[in-house]
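Take a look at the letters that make up each chain.
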Amino acid sequence: MSVASLRRAARESVSGLPREFWWLWTSTLVNRLGAFVATFMTLYLTVDRGYSASFAGLVVALHGLGGVVSSLGAGVMTDRLGRRPTMLAAQASTAFSVALLGFMEHPAAIAAVALLVGLTSNASRPAVQAMMADIVRPEDRVRAFALNYWAINLGFAVSATVAGFVAEYSYLAGFLGEAALTLLCAVLVYVKLPESRPERTAAEQAAAEPEIGLGTVLRDGRFMGVVGLSFLISLIFTQGSFGLPLAMGTGGFSTGDYGLVIAVNGVLIVLLQIPVTRFIEKGDPQQLLVVSALLAGYGFGLTAFAGSVWSLGLTVVVWTLAEIINSPTQMGLVARLSPLHGRGRYQGMYTMSWAVAALVAPLMAGTMIDRWGAGWLWASMAVLGTVAALGYWLLMRNLAESEPAPGTVVTASAARAAAPAPAVAPAPAAATAPLPSPAPAVAEA
């Protein structure tokens, strides 16, 4: 491929997206550049502070539990208060709690603040995803989610390398560095991103469009099916962080070997996410999700037959391709199925599926490897991938492109909302946008 072709492909990958999306993308990148706590928490507690592995596991579990709880609460805040206030509150409180964690000495205080960090750090995700769905045209959402996912992985790859050297000097410096970058992310949101929450029009109010609560989400069978399948897929992918290093350790591989193997995942995502998305963004979501589920399940399943670093690396290639296909496609599907005035709650429920999987996956991996061996874990991943593929195939039958989102009243304004969205007018850089008034209380959260 010529240089001119590469430049044209790059332009096509990033063109047509509103300016507000790129500020949101930048805030994501800055936030992930400071990802220190989630990466080095276990090493900090066991190596630097001398705590036991069981205590470190408890603290990490509390951090994950905070993410589970905040997913739903942040989704409600996103719809009631707005996307921008929710992100500001989440990022400012994350900066404070991360800095505070670095100064905690007592075990109970460390555990309590780790729970607080989990609550705050996960709270911005529903708002970010809802705002992205607000400001990006429906036909560009898969590409937008892919670019955002690329920023997450690029930021993590850089931060993991730099933070490793920082940790050798001072763990406290790592905590304070994450706090500073998270605060910078909040400043970017405050200065550059206007509120994007759709307001109910007079026509919608006259049509008596029902309020959307968490009960509405739970009663949405098709969407909850997507959430359930997302949980299965998350269980598979998170074994790259829990099951794989545990199995490699019991198999006699070194930590350096695991580092080399898992590095394949980050490198491939950075290199392939954008070009692959150009080929899949116009594809059939049902076929893409079915294929990605099978690749994920059998990619991890092949780990049972890998006995060397290079063969383990090949298995990572397989399930990384699944990740590259699944992530933007599934997030685009979630945005498509979310009603206009309930995106925060829907995104919160979707985010919770990943948070719950992050709690369950370590317990699942440890129990299966201890009792029956790693082979059973990898076989179960192949089974889960097959079940998820079948689930996607059944769930997405007859899902027409023109189908309105569940819970949406089809009015003239709703029809306009389904059309390509115009770019949101940016707020003046120096102005402080007033916080929207909370929506009237309803029966459901």
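These remarks concern the structure in this document.

Rules behind the numbers
Residues numbered from 1 in each chain as written. Predicted model: local features only at pLDDT ≥ 70, side-chain atom pairs only at ≥ 80, totals over all residues. Heavy atoms only, no water. Helix = DSSP H or I, 4+ residues; strand = E, 2+ residues; numbered from the N terminus. Buried < 20%, exposed > 50% of the residue type's maximum accessible area, 1.4 Å probe, protein only. Contact = heavy atoms within 4.5 Å. Areas by Shrake-Rupley, 256 points an atom, 1.4 Å probe, with all protein chains shown as cover. Expected span 1.5 Å × (residues − 1). Core = buried A, V, L, I, M, F, W, Y, C linked by side-chain atoms within 4.5 Å. Axes fitted to C-alpha atoms, helices over the stretch in contact; angles between N-to-C directions. Parallel < 35°, antiparallel > 145°, perpendicular 65-115°, else oblique. Left-handed = near helix turned anticlockwise from the far one by under 90°. Phe/Tyr/Trp six-rings, centres within 6.5 Å; stacked < 30°, edge-to-face > 60°.

1. Side note on the overall build of the protein
Of the regular secondary structure elements, the protein holds 19 helices and zero strands. Evaluated residue by residue, the protein yields a buried proportion of 49% over its 445 residues. A separation of at least 24 residues holds for 87% of the contacts in the protein among residues at least 6 apart in sequence. Of the roughly 19200 Å² of accessible surface on the protein, 69% is carried by carbon and sulfur atoms.

2. What about helix α17 (residues 343-371)?
With 29 residues, α17 extends 42 Å from end C-alpha to end C-alpha; this agrees with the ideal 42 Å at 1.5 Å per step. Following α17 by one or two positions, glycine 373 adopts a phi angle in the positive range, close to 100°.

3. A short note on the nonpolar core
Where a protein is soluble and globular, its nonpolar side chains tend to be buried together. Phe21, Met87, Met132, Phe223 and Leu244 are the most contacted members of the largest nonpolar core, which has 73 residues in total. For this core, the leading source of residues is α17, giving 10 residues. What methionine 132 contacts, discounting residues up to four positions off in sequence, is Phe21, Leu24, Ala144, Phe145 and Asn148. Listed in part, the 24 residues of the second largest apolar core include Met41, Tyr44, Leu101 and Ile110.

4. Digging into the packing of helix α12 (residues 221-237) against helix α18 (residues 374-395)
It is at 9 Å that the axes of α12 and α18 come closest, and there the two elements cross at 160°. Considered as vectors, α12 and α18 are oriented roughly antiparallel to each other. The chirality of how α12 crosses α18 is left-handed. Between α12 and α18, the contacting residues are Arg222, Gly225, Val226, Leu229, Ser230, Leu232, Ile233, Leu235 and Ile236 on the first element and Met381, Leu384, Gly385, Val387, Ala388, Gly391, Tyr392 and Leu395 on the second.

5. Here we look at the packing of aromatic side chains
To describe a pair of aromatic rings, you give the distance between the ring centres and the angle between the ring planes. Under the definition given, this model contains nine aromatic pairs. Seen in terms of ring centroids, tryptophan 22 and tryptophan 25 are 5.7 Å apart; in terms of plane orientation they differ by 70°. Their pairing is edge-to-face. On the criterion of helical spacing, the pair formed by tryptophan 22 and tryptophan 25 is a turn pair, its members being three residues apart in helix α2 (residues 19-33). Residue tryptophan 25 is classed as buried on the basis of its relative accessible area of 14%. Consider the rings of phenylalanine 300 and tryptophan 319, whose centres lie 4.5 Å apart with planes at 15°: the pair is stacked. Taken together, the residues phenylalanine 300 in helix α15 (residues 285-301) and tryptophan 319 in helix α16 (residues 309-337) connect sequence positions 19 residues apart. Exposure remark for phenylalanine 300: the relative accessible area of 1% places this residue in the buried category. We classify tryptophan 319 as buried; its relative accessible area is 3%.

No statement about biological role is implied by the geometric values presented.
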